[in-house]
Structures are given as structure tokens and as C-alpha cells.
Amino acid sequence: MFKAAILDGISIVQSDLSWEPVGRLCDFTVYDRTSPHELEERIKDLDGFFTSKCKITEELMKKSPKLKFIGVTATGFDNVDVKAAESLGIAVCHVPAYSTDAVAQHVFALILEIENRTGYYGAQVASGRWQNCRDFTFFDLPTHTLSGMSLGIVGYGSIGKQVAKIAEAFGMTVNVYSRNRDAALKSDILTLHCPLTAENEGFVNADFISDMKDGAVLINTARGKLVNEEDLAAALKSGKLSFAALDVLSVEPPERDNPLISLDNCIITPHIAWMPRECRERVVGICAANLKSFLDGGSLNRVDKIR
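Conventions adopted
Per chain, residue numbering runs from 1 following the sequence as it is written. The model is predicted, so local features are restricted to residues of pLDDT at least 70 and side-chain atom pairs to those at 80 or more, both for listing and for counting; the totals for chains, interfaces and linings are taken over all residues. To get the side-chain values, take all heavy atoms of the structure and skip hydrogens and water. In DSSP terms, a helix is any run of H or I states spanning at least four residues, a strand is any run of E spanning at least two, and both are numbered starting from the N terminus. Partly exposed residues are those whose accessible area sits between 20% and 50% of the maximum for their type, while under 20% is buried and over 50% is exposed, using a 1.4 Å probe and protein chains only. Just so you know, the count uses Lys and Arg for positive and Asp and Glu for negative, and it drops His and the chain ends. In the sections that follow, a salt bridge refers to a side-chain nitrogen of Lys or Arg positioned within 4 Å of a carboxyl oxygen of Asp or Glu. Any pair of N or O atoms that falls within 3.5 Å is considered a polar contact. Within protein, one atom must be able to donate a hydrogen and the other to accept it, and sequence-neighbouring residues count only if both atoms are side-chain atoms. DSSP-based pairing: two strands are paired if at least 2 bridges between them are found. Lines fitted to C-alpha atoms define the axes, with helix axes restricted to the stretch in contact, and inter-axis angles between N-to-C directions lie between 0 and 180 degrees. Whether two residues touch is decided by their heavy atoms; if any such pair falls within 4.5 Å, the residues are in contact.

1. A look at the side chain of Asp8
Next up, step 1: The topology assignment puts Asp8 in the loop between strand E1 (3-6) and helix H1 (10-13).
Next up, step 2: Buried Asp8, no salt bridge; nearest opposite-charge side chain is Lys53, N-O distance 8.3 Å.
Next up, step 3: Here the side chain of Asp8 touches Lys53 through a polar contact of 2.9 Å, landing on its backbone nitrogen.

2. Examining the sheet that holds strand E4 (residues 69-72)
Backbone hydrogen bonds are what pair the strands of a sheet, in a parallel or an antiparallel way.
Next up, step 1: Strand order in the open sheet formed by 5 strands is E2-E1-E3-E4-E5, and the pairing between neighbours is parallel. Looking at the sheet topology across the chains shown, the edges are occupied by strand E2 (27-30) and strand E5 (91-93). Averaged over all pairs of adjacent strands, the angle between strand axes in this sheet comes to 15°, irrespective of strand direction.
Next up, step 2: Relative to strand E3 (residues 48-51), E1 is paired through 3 bridges, and the arrangement is parallel. Looking at the pairing, Ile6 lines up with Phe50 of E3.

3. Some remarks on the environment of Gly155
Next up, step 1: Here Gly155 is to be found in the loop between strand E6 (150-154) and helix H8 (158-169).
Next up, step 2: In sequence terms Gly155 and Lys305 are 150 residues apart; their C-alpha atoms lie 23 Å from each other.
Next up, step 3: The residues touching Gly155, leaving out its near neighbours within four places in the chain, are Gly160, His193 and Cys194.

Rendered as C-alpha cells:
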């Protein structure tokens, strides 16, 4: 029987789901987490495995002679050396478009927090500041309407398109980076939705930011390594950018000296845009479908070039 495992399954199933749909298809082992030094031992006798974040190198694959299938439990697959997998005849599958609505929703949760200050004002009420106010209303930070603002979108795939749809419903002007770079960079808010590649790593750097509109807001729910964090921190400190809101960082969990965490004008959420229960349930189902397709000789959601 096909022998497989999930190497870091806890982030997907948490306490409210299970990997049972995949387990029905094979001899399946569930590991909540796998550290780098445990990887080789755990995969060496497997026919296939699933992972979200484990770094899968050519060296590791070569030490697993039975390996035929790698399933990435996410849309991005930059943690797997796909070219090496192709050369070794190993299929690589991913889970596309499972979190489109959730990520777009999170983008606007971040934008609305910046422009409406709901968290801030909720905290002020809890601390007694409204109760002690002489007027019926209390405010000490301005809020803004999204209608009339412009939104630049870098990466116009399924998530970028859904973000554009929501933005237009708010009355925003949408500027797509691939169509009009200058208009996108001069937008009031710029949001990133492109995959991470060797070519674009760190492309949001000091030079890129210098071309952005003064006082603009940067949103990143894509990949942390798209952004040079030192340069972004400098831009936030100088006022070149008024705010940043990030769901991803270059190192996750972040290092304690990350220059963005201590800034008042930077909101960071812990890589949760993708994780509503409905999305995680979809991941499990698509992983099961990917493996079944592979076992049946199909190529569902393959990202390698072997067919």
C-alpha cells in the first residue's frame, strides 16, 4: 500500500478538523510538526508526503529512493525544489485558490483597521476615555472613507482580482501594477499579491518605496520575503509611508529584533489570512483529491512538468 505522511499537519487541522480523508487513501502517518533534523528520517521510506513549510531540497529527495509524490498543503510551493523533483521523477502538487476569499477579506480587515481605527477606539472605550469625555463622541485620531481612495495591486491573479472587486464596491479606484506601474505606485494604498520567486525577492526595497506616493499605505498578505524589512521600517519611521499592515514576515515566527514589530504605524498579524475553518477544510479535501488523482494516474494540481 502507498505509504505517506503529513509532516506538519497541525497548522491545517488544528483541533477542529482531521486528515481522515487523506488517510482513507493510503497508509498514512500524521506528524504535527517536523523539525529540519527530523526530516530525513521521517521521509526516507515514504512513497509520498504532504507538507506546508518544510524545506524540501534535492539532497533530501535523493535520500528517499521510494519517493514519488510531494503534496504542498498551500498555494505557494517555494519551499520545494521543483526542478530537482522533475529531474528525479517526483510529482509535486499544490492547493490552488483555496483561500482567495479569505485573503481578500483579510486585506480589507487590515485596511479598515488603518482607516477606521476600530481596534484603537475599542481600546479607548475599555480604558475609560469615552466615559470621561464631555461630548457624546470621542476621537483623537482621524478616520477616512475608502470611497475616493486609490488601491494599487501588485499581482493580479485570483486573489488580486477579488481584492479589486471588493475595492470597487467600496468606491475605490483600482490600479493594477502590471498594467500601469506608475499609477499603482502612486496609489493611496498598495497591496501585494504576487508569488515569491528568485527574481522578486526583496523587490519592495528603498528604491521601490521611493517611487510610491508619499504617505501611502503598504499591505502584504503574500510572502514576507517580497519586502526588505529594514527598508520598510526606515520608510515608516521617516513618514515616507504612513502605515504598513502585514500578515507575513521574512522569518516566521519572527525574530525578536525584527525592525517592524515595535513600530506604532505597523500592524502585523501572525500569518492568519488563509486560515478560516472553511479554507482549512478545503485544503484537506484538495490534498485528498490530489493524492487520489496521482494514484489513479492523473495530474490534478501538478506544478512539476512531468505528465
